[in-house]
There are 2 protein chains.
Amino acid sequence: MAKFYSVGVGAGDGSYITLGALRALEKADIIAVPVKKSGEKSTALEIIRKEFDTDKKEILELEFPMSSDDKTRQLSRGAAAEKIISALDNGKNIAMITLGDVSVYSTCSYVHKAVKDAGHEMEIIPGITSFCAAADKAQISLCEGNESVAIIPSLKSANLEKYIDDFDTIVIMKAGKDTDAIYNILKRHGLEHNAVVSSCIGMENELIEPIQRHKEYGYFTTVIVKH
Amino acid sequence: MAKFYSVGVGAGDGSYITLGALRALEKADIIAVPVKKSGEKSTALEIIRKEFDTDKKEILELEFPMSSDDKTRQLSRGAAAEKIISALDNGKNIAMITLGDVSVYSTCSYVHKAVKDAGHEMEIIPGITSFCAAADKAQISLCEGNESVAIIPSLKSANLEKYIDDFDTIVIMKAGKDTDAIYNILKRHGLEHNAVVSSCIGMENELIEPIQRHKEYGYFTTVIVKH
C-alpha cells in the first residue's frame, strides 16, 4: 500500500536534513513541493537538491498562494489534498517536503487530515526548526534548567509586552517586517540589547545580528529575545 | 587548528540524526559523551551507534551528576571543560553529543563558554527536539497561522494555570513525575482530553497516549497540551 510521508527538511542548510528525511525521499515515487505559484522556485526543493538527487523522482507542485482570504486558502488546500490522494490511490509513495519542522507553522494539517480521512498511511518526519538553527548559529541557549520559552508569530508581537517578564526567552517567528516595532517594545523594557535577528539561516544570504532600528528583513526572519 | 563541535543528535531515534551531525562525528578524533556517572550508559551514544561506527573514535566520558547542589554542578562542568580544552590544545577535534537540540534544556552553555574563552573554534550542530519529534509522532501541529506556543519545564508546571488561556499550545518538558498534577490543572479548565503524554520518543519503550490520572513516567517525558 502506498504511503504518504510529510517531511521536514530543516532550515536552509542541506546539512540539517535528517537520515529519516533522506530515507523517506528514497522511498518516494513522487516528491510533492508546496509553492506559492506554479513554476516558482521552492526553497525546500532547493535544500534537498543539495544532498539528494531528485532526477529520478516525479516532482508534484502544490500551489499554496499567500493569501489572507479563507476561501482561496481552502480551495488550494483542497486541490493539494486531491492531487496527493489521487497519486496514493494509484499506488505511488509520496513525500511532501516542508521547511523546518512539519509541526511548527507549516500549513500541512489540512493535507494530513485529508490523507488520513482517505484511509492512507501517513508518517511525519521531524525537521530542524528555524529557531533552533538560529539559536545554535548565534550560540545562544534557548532554555536551561528552570527557564521557559514563548514562541509567538509576528502578528502577535504585541504580546511580547505581555510575556516579557514571565519568559526567559521569546522567539518571534516571521518577524521580518516587524523588527522596528519589536525594537521599540524591547527598548521600553531596557532589553534592546538582548535580541538577535536571524534571517535565511543556512542560506546564501544568511544574516545574524543584534536587533536595530529602521531595518526590514525578508520572510525567513526570526527574532530571539533572551534575558 | 582543532575544532569543537557541539552536536545535537535528536530525540531517541537514529533516523533523527542530521547529515551535519554525521559529518561532525566523522571529523572528530574524540567523541565526548555526557554521562550521569562514569561507566553508565549514554542514550546519546546509543543513538549515534545506530547510524555511525564509533570504533575508530576515542570516547571521552564527561561526568555530569544529577545534583541540585550548585557546587557539585560547577565542579563537574569545570572538569568537563578542562578535559575538552586540554584535548583541543593537543590538536584533537572533539564532537560533544547531546540529546535533542543543544539550545533546548541541555547543560552545554558552561562548556561552550569555556571553549570559546580558551580561544578555540566552536560549531553547534542543531538536533531534532523531543517536542517536535513527539508532535510529529502524535500527528499534532504545535502551531499554525496566528497560534503561540509556551515551552515550560515541569518544575514550573504551576505556570500552566497562568498560560493556559493565552497560548494555543503548551509543551511541558521533563514532566514524567508531574502528569497527575498536570491532569488536575487541565481538568479544572475542562482540557483533560486535550493533552498527549509522550515518553522515550524513538526508543524501544516509546509511548504516546492521552494524559491520565495516577500514572508516572520516566525522565524523557513531554506533555503537549493543545486547545
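The rules behind these values
- Residues numbered from 1 in each chain as written.
- Chains lettered and ligands numbered in written order.
- Predicted model: local features only at pLDDT ≥ 70, side-chain atom pairs only at ≥ 80, totals over all residues.
- Heavy atoms only, no water.
- Disulfide = S-S within 2.5 Å.
- Domains from an automatic or database assignment.
- Contact = heavy atoms within 4.5 Å.
- Salt bridge = Lys/Arg side-chain N within 4 Å of Asp/Glu carboxyl O.
- Polar contact = N/O pair within 3.5 Å; in protein donor to acceptor, adjacent residues only side chain to side chain.
- Least-squares fit on C-alpha atoms with pLDDT ≥ 70 in both.
- Phe/Tyr/Trp six-rings, centres within 6.5 Å; stacked < 30°, edge-to-face > 60°.
- Buried < 20%, exposed > 50% of the residue type's maximum accessible area, 1.4 Å probe, protein only.
- Helix = DSSP H or I, 4+ residues; strand = E, 2+ residues; numbered from the N terminus.
- Axes fitted to C-alpha atoms, helices over the stretch in contact; angles between N-to-C directions.
- Parallel < 35°, antiparallel > 145°, perpendicular 65-115°, else oblique.
- Left-handed = near helix turned anticlockwise from the far one by under 90°.
- Nonpolar A, V, L, I, M, F, W, Y, C, P; charged D, E, K, R; others polar.
- Expected span 1.5 Å × (residues − 1).

Visitor: Please clarify how the state of the cysteines should be interpreted in this entry.
Guide: A covalent bond between the sulfur atoms of two cysteines is what we call a disulfide. By the definition in use, this model includes zero disulfides over all chains. Unpaired in terms of disulfides, Cys200(A) finds its nearest cysteine sulfur in Cys132(A), a separation of 18 Å.

Visitor: Teacher, can you tell me more about the domain arrangement of chain A here?
Guide: For interface size, the figure often reported is the accessible area lost on association. Residue and element names in this part refer to chain A. Per the domain assignment, the segments making up chain A are domain 1 (3-125) and domain 2 (130-226). If you look at the interface, domain 1 gives 10 residues, while domain 2 gives 14 residues. Joining domain 1 to domain 2, the criterion identifies zero salt bridges. Applying the counting criterion to the domain 1 and domain 2 interface returns one residue pair in polar contact (both at pLDDT 80 or more).

Visitor: Please clarify how the relation of the copies chain B and chain A should be interpreted in this entry.
Guide: The relation between the two copies of this chain is a rotation about an axis and a shift parallel to it. Taken as rigid bodies, chain B and chain A are interconverted by a rotation of 180° and an axial shift of 0.0 Å, the fit giving an RMSD of 0.0 Å. Between the two chains, the operation in question is that of a two-fold axis. With an isologous cut-off of 70% or more, the 100% of interface residues of chain B that recur at the interface of chain A puts this contact in the isologous class.

Visitor: Help me out: how do you make sense of the packing of aromatic side chains in this one?
Guide: Each aromatic ring pair is specified by the distance between its two centres and by the angle formed by the two planes. For the coordinates displayed, the defined rule picks out seven aromatic pairs over all chains. A centroid spacing of 5.9 Å and a plane angle of 85° characterise the contact between Tyr163(B) and Phe167(B), whose relative ring orientation is edge-to-face. Judged on exposure class, the residue Tyr163(B) and its partner Phe167(B) are both buried. Three or more aromatic residues link up through ring pairs in this structure, and these residues are Tyr163(A), Phe167(A), Tyr163(B) and Phe167(B).

Visitor: Could you clarify how one ought to interpret the side chain of Ser6(B) in this entry?
Guide: All names here are of chain B. Counting through the fold element by element, Ser6 comes out in strand S1 (residues 3-8). Given a relative accessible area of 0%, Ser6 falls into the buried group. Side-chain polar atoms of Ser6 contact the side chain of His112, separated by 2.7 Å. Residues in contact with Ser6, not counting those within four places in the same chain, are Met96, Val102, Cys108, His112, Glu123, Ile124 and Ile125.

Visitor: Before we go on, may I ask you to explain the packing of helix H3 (residues 70-89) of chain A against helix H4 (residues 109-117) of chain A in this structure?
Guide: For any two helices packed against each other, the geometry comes down to the angle between their axes and how far apart the axes lie. Residues and elements named next belong to chain A. In contact at an axis separation of 9 Å, H3 and H4 are set at 40° when each is read in the N-to-C sense. The angle between H3 and H4 falls in the class oblique. Judged by the twist between their axes, the crossing of H3 over H4 is right-handed. In this structure, H3 uses Arg77, Gly78, Ala80, Ala81, Ile84, Ile85 and Leu88 to contact H4, whose residues at the interface are Tyr110, Val111, Ala114 and Val115. Class assignment for the residues of the contact of H3 with H4 results in nine nonpolar, one polar and one charged.

Visitor: Where do I start with helix H3 (residues 70-89) of chain B in this structure?
Guide: Note that an α-helix has 3.6 residues per turn; residues three or four places apart therefore point the same way. Residue and element names in this part refer to chain B. Along its 20 residues, H3 runs 28 Å from first to last C-alpha, staying within 8% of the 28 Å computed at 1.5 Å per residue. Buried within H3 we find Ser76, Gly78, Ala80, Ala81, Ile84, Ile85, Ala87 and Leu88. Looking at the buried side of H3, the elements it contacts are S1, strand S2 (30-35), strand S3 (58-63), strand S4 (94-98) and helix H4 (109-117). At the C-terminal side of H3, Gly91 shows a positive phi close to 85°.

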